[in-house]
Amino acid sequence: MPFLRISVPAGKGAEFKKTVGDAVHDAMVASIHVPADDRFQVLSEHRPEELLYDRGYLGVDRSDACVFIHVTMKRGRTPDQKKAFYAAIARNLHDRAGLRKQDVMVILSENEVIDWSFGNGEAQLAGT
Amino acid sequence: MPFLRISVPAGKGAEFKKTVGDAVHDAMVASIHVPADDRFQVLSEHRPEELLYDRGYLGVDRSDACVFIHVTMKRGRTPDQKKAFYAAIARNLHDRAGLRKQDVMVILSENEVIDWSFGNGEAQLAGT
Amino acid sequence: MPFLRISVPAGKGAEFKKTVGDAVHDAMVASIHVPADDRFQVLSEHRPEELLYDRGYLGVDRSDACVFIHVTMKRGRTPDQKKAFYAAIARNLHDRAGLRKQDVMVILSENEVIDWSFGNGEAQLAGT
């Protein structure tokens, strides 16, 4: 049930985007118990003048290759689960997509089970 | 006051996007009492490698034509209103844009009336 | 720690986008005490059929040049701070990017400090 918007620098190719999506999804499955088939990701490419961010905020040394991962999911994960999730995303993106861990930013937004329709016009998680 | 981000597959043309936007807006007006002139939609196109989702999660048989509708609106709609909203969106997109109902995913995120400025630098819903 | 998605009409050029980002960020620093180096903005361009909005809702006279600024930030700003923020954004975009104040829409979504990872796979605001 997480829904992800992933923003990446333009020009890295289709395979890069697919690899980023896979790495993030697998991190989610491993760290916060998302079912393997519960995957909904929308990626977008952005030119340099469309990714405007500080290179050093909070002491993190960012490069031009930053990716932004905005996750919407139902409320309830614990702080420890969220920390494990962040660690897993950065590790997977480093190991599989060649990203520096400093270049992985994650933002979470929570909602409720009634706030999801997975198709057919139904609220599957809340009953019908 | 809803603000919508609608993500659709690339290459379907301008008319398709306009039709999708109209169908979703009319569903909103009919099912959750949004004023007819309270419309704010941002659409974006995505190539196949930018729309990464499972074809069968929760038993819904999705095709390559899935659309993702992320709605931000003020808190307060009831579960029954949200269910009616999901049903109306899927029905309208089927009837008017030729989409399969299985290919319509909706995600809601709620905020407060103070969280909106509709122009002029004012918080219209909260007084000024 | 705010994360911004800024949607603008297509075709205005790289300099316009940079100016919009700068103007919005400076408004944030001046009005709600965001550190100057706490900047994370993703911009996207949209063709006319991708920006579907009413030209007169709530009595605001919008043109074809509307921009949409969706801010995700941690919970806690007061209503007065949010109002000052809206006013500052509209003023800055008018003065520096040539936008009409009527064409500036802002939407806020709040989350918690644990919901942010600024890189390295850590939850910097919540401790590690």
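Scroll up to find the structure this text is about.
Residues numbered from 1 in each chain as written. Chains lettered and ligands numbered in written order. Predicted model: local features only at pLDDT ≥ 70, side-chain atom pairs only at ≥ 80, totals over all residues.

## Thoughts on the interface of chain C and chain A
Test applied: Here contacts are defined at the residue level, using C-beta atoms placed from the backbone and a cut-off of 7 Å between them. Strands here are runs of E lasting at least two residues and helices are runs of H or I lasting at least four, both read from the DSSP assignment and numbered beginning at the N terminus. Any residue that is not Ala, Val, Leu, Ile, Met, Phe, Trp, Tyr, Cys, Pro, Asp, Glu, Lys or Arg is counted as polar, Gly included; the first ten are nonpolar and the last four charged. By definition, two strands form a pair when at least two bridges between them are found by DSSP.
With 28 residues of chain C at the interface, the matching set in chain A holds 34 residues. Among the secondary structure elements, those contributing two or more residues to the side of chain C that touches chain A are helix H1 (14–32), strand E2 (40–46), strand E5 (104–111) and strand E6 (116–117) of chain C. Ranked by the residues each element gives to the side of chain C that touches chain A, the list is headed by E2 of chain C, at five residues. Grouping the constituent residues of the side of chain C that touches chain A by class yields 10 nonpolar, 11 polar and seven charged. Where strand E3 (residues 51–53) of chain A meets E2 of chain C, three bridges bridge the pair, whose relative direction is antiparallel. The partner of leucine 52 of chain A across the bridge, within E2 of chain C, is glutamine 41 of chain C.

## Re the interface of chain B and chain A
Between chain B and chain A, the contact holds 34 residues from the first and 28 residues from the second. Looking at the side of chain B that touches chain A, the elements that each hand over two or more residues are strand E2 (40–46), strand E3 (51–53), strand E4 (67–74), helix H2 (79–97) and strand E5 (104–111) of chain B. With eight residues, the single largest contributor to the side of chain B that touches chain A is H2 of chain B. Of the residues in the side of chain B that touches chain A, the class split is 17 nonpolar, seven polar and 10 charged.

## Quick notes on the sheet that holds E5 of chain B
The condition that has to hold: A fitted line through C-alpha atoms represents every axis, and for helices the fit uses only the stretch in contact; the resulting angles, taken between N-to-C directions, go from 0 to 180 degrees.
An order of E6(A)-E5(B)-E4(B)-E1(B)-E2(B)-E3(C) is seen for the six strands of this open sheet, with the pairing classed as mixed. The outermost strands of the open sheet, each flanked by one partner alone, are strand E6 (116–117) of chain A together with strand E3 (51–53) of chain C. Pairing geometry for E4 of chain B and E5 of chain B, over eight bridges, is parallel. Looking at the pairing, methionine 73 of chain B lines up with glutamate 110 of chain B of E5 of chain B. Its contacts with the sheet place helix H1 (residues 14–32) of chain B against strand E1 (3–9), E2 and E4 of chain B together with E3 of chain C, and it is angled at close to 140° to E1 of chain B.

## Focus: the sheet that holds strand E2 (residues 40–46) of chain A
Pairing within the open sheet is mixed, and its six strands lie in the order E3(B)-E2(A)-E1(A)-E4(A)-E5(A)-E6(C). The two strands at the open ends of the sheet, each matched to only one other strand, are E3 of chain B together with E6 of chain C. Looking at chain direction, strand E1 (residues 3–9) of chain A and E2 of chain A are connected through six bridges and run parallel. Across the sheet, residue arginine 5 of chain A finds its bridge partner in E2 of chain A, namely valine 42 of chain A. Across the face of the sheet, helix H1 (residues 14–32) of chain A comes into contact with E1, E2 and strand E4 (67–74) of chain A together with E3 of chain B while running at roughly 140° to E1 of chain A. The strands touched by helix H2 (residues 79–97) of chain A are E4 and strand E5 (104–111) of chain A together with E6 of chain C; relative to E5 of chain A, the strand with the most contacts, the crossing angle is about 140°.

## Quick notes on unusual backbone geometry
Convention followed: Exposure classification rests on a simple neighbour count of other C-beta atoms within 10 Å of a residue's own: a residue reaching 20 or more is buried, one at 12 or fewer is exposed, and one in between is partly exposed. C-beta atoms are placed from the backbone.
Positive phi is not limited to glycine here, since leucine 58 of chain A has a value of about 65°. The topology assignment puts leucine 58 of chain A in the loop between E3 and E4. Take leucine 58 of chain A: there are 16 C-beta atoms within 10 Å of it, and that puts it in the partly exposed class. Backbone geometry at asparagine 120 of chain B places phi at a positive 65°, although glycine is not the residue there. Structurally, asparagine 120 of chain B is set in the segment after strand E6 (116–117).

## Description of the packing of H1 of chain A against H2 of chain A
All names here are of chain A. Worth spelling out the cut-off: Note on convention: near helix rotated counterclockwise from far helix by under a right angle means a left-handed crossing. Clockwise means right-handed.
Packing of H1 against H2 brings their axes to within 8 Å, and their N-to-C directions diverge by 145°. In the packing of H1 onto H2, the handedness of the crossing is right-handed. Of the residues in H2, those touching H1 at Phe16, Thr19, Val20, Ala23, Val24, Asp26, Ala27, Met28, Ala30, Ser31 and Ile32 are Gln81, Ala84, Phe85, Ala88, Ile89, Asn92, Leu93, Arg96 and Ala97.

## A few points about the relation of the copies chain C and chain A
The condition that has to hold: Superposing the copies works by least squares over the C-alpha atoms of residues that have pLDDT at least 70 in both of them.
Superposing chain C onto chain A requires a rotation of 120° together with a translation of 0.0 Å along the rotation axis, leaving an RMSD of 0.0 Å. This pairing of chains is accounted for by a three-fold axis. Rotation axis and chain C: the residue whose C-alpha lies nearest the axis is serine 109 of chain C, separated from it by 4.8 Å. Residue by residue, only 7% of the interface of chain C is reproduced at the interface of chain A, so the copies engage with different surfaces.

## Structural notes on the relation of the copies chain B and chain A
Overlay of chain B on chain A (RMSD 0.0 Å): rotation 120°, translation along the axis 0.0 Å. An overlap of only 6% is found between the interface residues of chain B and their copies at the interface of chain A, pointing to separate contact surfaces.

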